[in-house]
Each structure stands twice: as C-alpha cells, then as structure tokens.
Amino acid sequence: QPSHPQTEARILLALEQANKQQDLNKSLLRLTYLLQQCLRNENSQSAIELLMTQPALLENLRKAHMGNYGVILSLLGCLDNGSRAKKLVDKIIDATDQVTNLREDILNYRLKYSLTSMNEAQGEIFLQGAVKALEKYFFMIAFASYVDTSGHQFSQSFSDWLKDRTEIWNQIRFLRKSYGSRLNVFSPVNDLSSLSKSSFEARSLLPGRKNDVAIAGGWVLGDEYSNHVVKNRRGIILREGTLLKSDQWLAESAHVEHDVRGAINFRSIPNTNIFALGQPTMAAIDEVVDIVKGAHPSAPGIVWITLREEPIVYINGAPYCLRREGFSLRNMKDYGGISASRLEVLEDRLKNDVIAELREFGGRVLLHTETVDGTVIPIWEEVMEDNVVVIKDVMDARRRVNDIELKYYRIPMTAERPPDFVDLNDLIEVVLSTSTTNPIVVNCQLGRGRSTMASIILLLIRQWLEHHRSLSMPSTPRFVQRSISIVSNLGNFEHFSNKSRHSYTIIN
C-alpha cells in the first residue's frame with residue numbers, strides 16, 4: 001500500500017494535470033472565438049475547420065494565446081524564478097479580463113494584421129498595436145520579477161534594474177526594432193501566411209466599387225501570404241522580391257478627345273498623322289488601329305513604335321510590368337540602356353516564369369494592381385497559359401488586320417532622360433523607311449514623357465526631310481546598323497542588333 005505522502009503527491013499531480021487540461025481547453029475555446037472574430041467569412045464553422053485542417057497552425061496559435069512567445073521565453077530564461085513571475089502575471093490578466101485581456105490583445109492584433117488586405121495604413125495600426133501589447137506583457141513579467149527579487153528594500157529603481165541586465169535590455173531593443181522583419185518578435189506566430197491564404201476565394205474585393213480588380217476577375221489576397229509568395233519566387237526574371245504590377249496607370253490618365261478604354265492619354269498630335277498613348281491593353285490596340293485608320297483611310301499601313309525599356313508581359317489581355325517589392329511605383333533601373341533584341345529575350349523568359357507560377361498555383365498567378373487612391377494591392381487571377389503573351393507576339397498577330405499593314409518597332413528609351421544617340425538614329429531610320437502618308441503611333445508607359453518627346457523628334461525629322469527634298473537622294477538603299485526590332489507583314493520577326501546602345505549592360 002502506498003504511504004500517505006505518496007498518495008498526497010499523486011493527488012497533487014492529478015490536480016495539476018487537470019488544471020493544465022482545463023487551461024488548455026479554455027485556451028482552445030478562446031482561440032477559436034478570436035479567430036472567428038477576425039475571419040471575414042461569416043460561417044461559424046470556418047475557424048474550427050481551419051484549425052482542424054492545420055494542426056501546426058493550431059499549435060502555434062495556442063502557444064501564442066498562452067503567452068509563450070519566443071521573446072517572452074527568452075526573458076524567462078534570464079530571470080530568477082521567471083516561470084513563477086509569468087504565472088503571477090497571467091493570473092492577474094485572467095482575473096481582470098472583463099475589461100481587457102493583454103495576451104489576447106497581442107494575438108488579436110496579430111491576426112488582424114495577417115488578414116488585412118488593401119489597406120497599408122490599417123495594417124500598420126494593427127502591427128503597432130500587437131507590438132505595444134507584447135511590450136507591455138514583457139515589462140509586466142519583468143516588473144513582477146523585479147518586485148519578487150527586491151524584497152522590501154527596493155534600493156534600485158526598475159529602470160536601473162533593467163539597464164544593469166544587458167541581456168534583458170537587448171531583448172527590449174529587439175522588441176522595438178524598426179528594421180528588417182518586425183514579425184520575428186511574434187515567434188511562433190511570426191509567419192501566418194497559411195492563415196492569410198485560407199479561404200481567399202471567399203474574400204471580397206473593394207466593397208461598393210466597380211473597379212479593374214473586379215473586372216479582371218481577380219481575388220484580393222491577404223497581404224502576408226502574398227508577401228510570402230513574392231519572397232519565394234524562383235524564376236529567372238520573376239525572381240525573389242519582384243512583382244507583376246498592372247501597367248494601366250489609370251490615376252495618370254487625363255481627359256482626351258479620343259477616349260479609349262485601356263489606352264490612357266491617347267491623342268493625335270495636331271496637324272500631323274502622329275499619335276501617342278500609354279501602354280495599351282490588347283483590346284485597346286485594336287481600337288486605336290481602327291481610329292487611326294478611320295482618320296487616315298487612304299494610308300496603306302500604320303507604324304507602331306513602343307518605347308518601353310522594361311520587360312512587359314500581357315496576361316488576360318492586360319499589360320503587366322516587372323517591379324521590385326517596396327518600389328512598385330518606380331521603374332527598375334536594372335535594364336537601363338538595354339537593346340531591343342536583348343529586352344525581348346528577357347520578356348520571353350518572364351513569360352516562361354509566369355507560366356511556371358501558373359502551374360505551381362493551379363492555374364492562378366499572383367498579380368499586383370492599384371486602387372483608385374494609388375494603393376498597390378495583391379490579387380490572384382485565373383489565367384490560361386495561352387493568355388500569357390509578350391508584346392512581340394501581340395503585334396505579330398496583328399501584322400495585317402482589315403487590309404491594314406501594321407509595322408511594329410521596339411525602340412527602348414530610358415524614362416526621364418534625354419534620348420541616346422542610337423535612339424535618335426533608330427527614329428531617323430523609321431522615318432526614312434516609312435511613307436509620309438503612313439500614320440505613326442508611339443506608346444510609352446503613361447503616354448506623356450517618352451511618347452511626347454519621340455513624337456516631337458519624329459515630327460522634326462519629317463519637317464527637315466520635307467525642307468530638303470531638293471537634295472539628291474542615293475540611288476541605292478542605305479543600310480545603317482540599328483538596335484531596333486521590327487514586326488511587319490513582310491516577313492518574320494527581324495532583329496538588327498549589330499550596334500549596341502551606349503549604356504548597354506549585360507543582364508542574366
């Protein structure tokens with residue numbers, strides 16, 4: 001028969017285990033409730049199903065709800081009787097949770113940040129709230145240990161007590177850091193990408209707005225999972241830290257006479273047959289060609305010049321450009337001075353990267369677009385592989401439409417810089433090889449800077465040639481080295497790349 005002390009020890013152990021199980025059950029119930037409040041799906045089963053299907057996520061969330069964050073556990077290891085101090089603080093928090101529960105505040109803000117889409121400012125508020133709540137919890141445990149170890153003397157202030165312990169002060173600095181990934185302080189829930197991914201098909205777009213995201217059929221995705229996808233991209237061109245951003249800058253569109261949807265700032269240069277516009281959609285290209293042909297019905301053909309220096313890919317008929325994460329509104333400088341032939345090689349690689357991502361995510365690709373106020377948001381869009389094309393393919397398919405010859409040139413020009421000499425030479429060659437009766441369409445990114453400058457240059461070249469018509473012309477054709485690329489109905493795609501641009505740099 002076991003002795004009385006042994007029986008008492010077993011009873012105490014059983015009671016302790018029962019208390020732990022009760023705390024665990026209560027924690028799971030509260031965790032399910034918190035998660036359900038944060039999820040946008042009104043289905044009451046969604047939180048339970050999510051936790052049941054992702055046991056690793058459940059375990060990490062449970063640890064966080066119990067206050068077992070990595071930085072807190074590090075603090076306990078640095079304190080005398082740290083576990084006792086944490087238990088005391090937790091009892092006080094649970095006893096006063098009619099007003100607020102500090103541990104739940106941390107997790108609540110963290111969950112809301114994970115599920116925030118389209119609102120960077122609101123996401124920052126949630127993240128700051130989570131950090132501040134975690135810092136309060138940290139200081140409460142440290143203060144409990146300070147009181148416990150100081151006895152009745154309190155000869156040292158709490159602030160001096162902290163500063164004398166360098167290891168604790170370093171942990172405070174870690175909590176307050178403003179660089180790198182600030183989510184690391186929330187370990188084991190520093191990565192909730194699986195949560196932000198969950199049920200994204202059911203998420204709303206922009207409530208009450210009819211916008212290009214909805215028109216494109218895309219789903220807005222939790223920002224945290226989209227960040228995870230961006231940081232783990234493995235393509236050659238669409239690589240880690242790069243975005244595919246919509247090239248339709250609707251916020252930069254001005255009111256013009258010929259308003260064409262998908263062709264911002266489309267306009268005719270007065271008293272000429274030169275037209276300019278921003279990067280158009282595939283549907284807008286057809287409409288622009290019809291408008292130009294209608295304005296000049298006797299013209300046998302149309303010349304189209306693209307001045308873009310950045311890799312472009314068309315997805316579901318809309319153009320998308322490559323951008324660097326964190327600088328999605330700026331042109332990438334990686335490709336400054338690149339030749340047309342080299343740029344189109346990179347675009348083919350980008351196309352292959354997009355198709356690879358489609359296959360990886362079951363026919364969906366992660367894209368980024370803008371809201372009306374200019375906020376860049378992530379969306380998932382369903383795409384067929386055949387609907388991923390590059391500009392060269394788009395123009396090649398339109399070499400002859402309704403008896404109109406469309407001759408296409410790619411002359412990459414650097415934005416916000418004067419044209420390179422080779423650029424000027426390419427434009428001169430286009431004018432020399434084109435009848436003055438053929439309209440010229442010039443497109444850049446926004447239909448403002450480069451397209452306006454190129455239109456002026458083309459007009460000046462034409463005027464100079466008309467003024468010097470009396471000069472004798474060579475009897476044999478001139479062949480000048482060029483770096484432009486051409487697509488016309490006279491043959492397959494041709495490259496003339498013997499002469500490099502002055503600022504050419506090798507990419508990949």
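Here, the structure is the one placed above.
To start, this report covers the structure provided alongside it. (Residues numbered from 1 in each chain as written. Predicted model: local features only at pLDDT ≥ 70, side-chain atom pairs only at ≥ 80, totals over all residues. Heavy atoms only, no water.)

**Looking at the packing of helix H2 (residues 46–53) against helix H3 (residues 55–65)**
- One can describe the packing of H2 onto H3 by two numbers: an axis separation of 5 Å at closest approach and a directional angle of 105°. With respect to their mutual orientation, H2 and H3 come out roughly perpendicular. Residue-level contacts link Leu50, Leu51, Met52 and Thr53 of H2 to Pro55, Leu57, Leu58 and Leu61 of H3. (Axes fitted to C-alpha atoms, helices over the stretch in contact; angles between N-to-C directions. Helix = DSSP H or I, 4+ residues; strand = E, 2+ residues; numbered from the N terminus. Parallel < 35°, antiparallel > 145°, perpendicular 65-115°, else oblique. Contact = heavy atoms within 4.5 Å.)

**Quick look at unusual backbone geometry**
- The omega torsion across Ser187 and Pro188 is 20°, close enough to zero to call that bond cis.
- Its place among the elements puts Pro188 in the loop between helix H9 (166–175) and helix H10 (193–197).
- In this structure, Asn81 is a non-glycine residue whose phi angle is positive, near 60°.
- The residue Asn271 is not glycine, and still its phi comes out positive at about 65°.

**Focus: the side chain of Arg103**
- Along the chain, Arg103 falls in helix H6 (residues 102–114).
- Judged by its relative accessible area of 7%, Arg103 is buried.
- A polar contact of 3.1 Å, which involves the side chain of Arg103, links it to the backbone oxygen of His65. (Buried < 20%, exposed > 50% of the residue type's maximum accessible area, 1.4 Å probe, protein only. Polar contact = N/O pair within 3.5 Å; in protein donor to acceptor, adjacent residues only side chain to side chain.)

**Considering the environment of Leu238**
- Following the sequence through the fold, Leu238 ends up in the loop between helix H12 (223–231) and strand S2 (242–246).
- The exposure class assigned to Leu238 is buried, which follows from its relative accessible area of 2%.
- Between the C-alpha atoms of Leu238 and Lys351, which are 113 residues apart in sequence, the distance is 8.9 Å.
- Each residue touching Leu238, except ones within four places of it in the same chain, is listed here: Arg233, Leu243, Leu244, Leu322, Leu350, Asp353, Val354 and Glu357.

**Some remarks on the pairing of strand S8 (residues 364–370)**
- Within S8, seven of the seven residues are buried, which leaves it mostly tucked inside the rest of the structure.
- What you see with S8 is no split at all: Arg364, Leu366, His368 and Glu370 on one side and Val365, Leu367 and Thr369 on the other are buried throughout.
- The pairing of S8 with strand S9 (residues 376–382) spans seven bridges and is classified as antiparallel. Along S9, the bridge assignment pairs Thr369 with Ile377. (Pairing = 2+ DSSP bridges.)

**Let's talk about the nonpolar core**
- Grouped together as the largest cluster of nonpolar side chains are 49 residues, with contacts concentrated most on Leu61, Tyr69, Ile72, Leu134, Ile141, Phe186 and Leu195.
- For this core, the leading source of residues is helix H7 (residues 120–150), giving twelve residues.
- Counting 23 residues, the second-largest nonpolar core is a separate cluster that includes Ala284, Trp304, Val389 and Met395. (Core = buried A, V, L, I, M, F, W, Y, C linked by side-chain atoms within 4.5 Å.)

**Topic: the packing of aromatic side chains**
- A full pass over the atoms with the stated rule returns nine aromatic pairs.
- When the centroid spacing of 5.9 Å and the interplanar angle of 85° are considered together, the rings of Phe138 and Phe139 count as edge-to-face. Phe139 shares its class with Phe138; the two are buried.
- Taking 5.7 Å as the distance between ring centres and 40° as the angle between the ring planes, the aromatic pair formed by Phe143 and Tyr146 counts as tilted. Note that Phe143 and Tyr146 are positioned in helix H7 at a spacing of three residues, about one turn of the helix.
- Classification of Phe143 by relative accessible area gives partly exposed; the value is 40%.
- Three or more aromatic residues joined by ring pairs form one cluster here, namely Phe143, Tyr146, Phe154, Phe158 and Trp161. (Phe/Tyr/Trp six-rings, centres within 6.5 Å; stacked < 30°, edge-to-face > 60°.)

Everything listed here is a matter of coordinates, which is why it stays silent on function.
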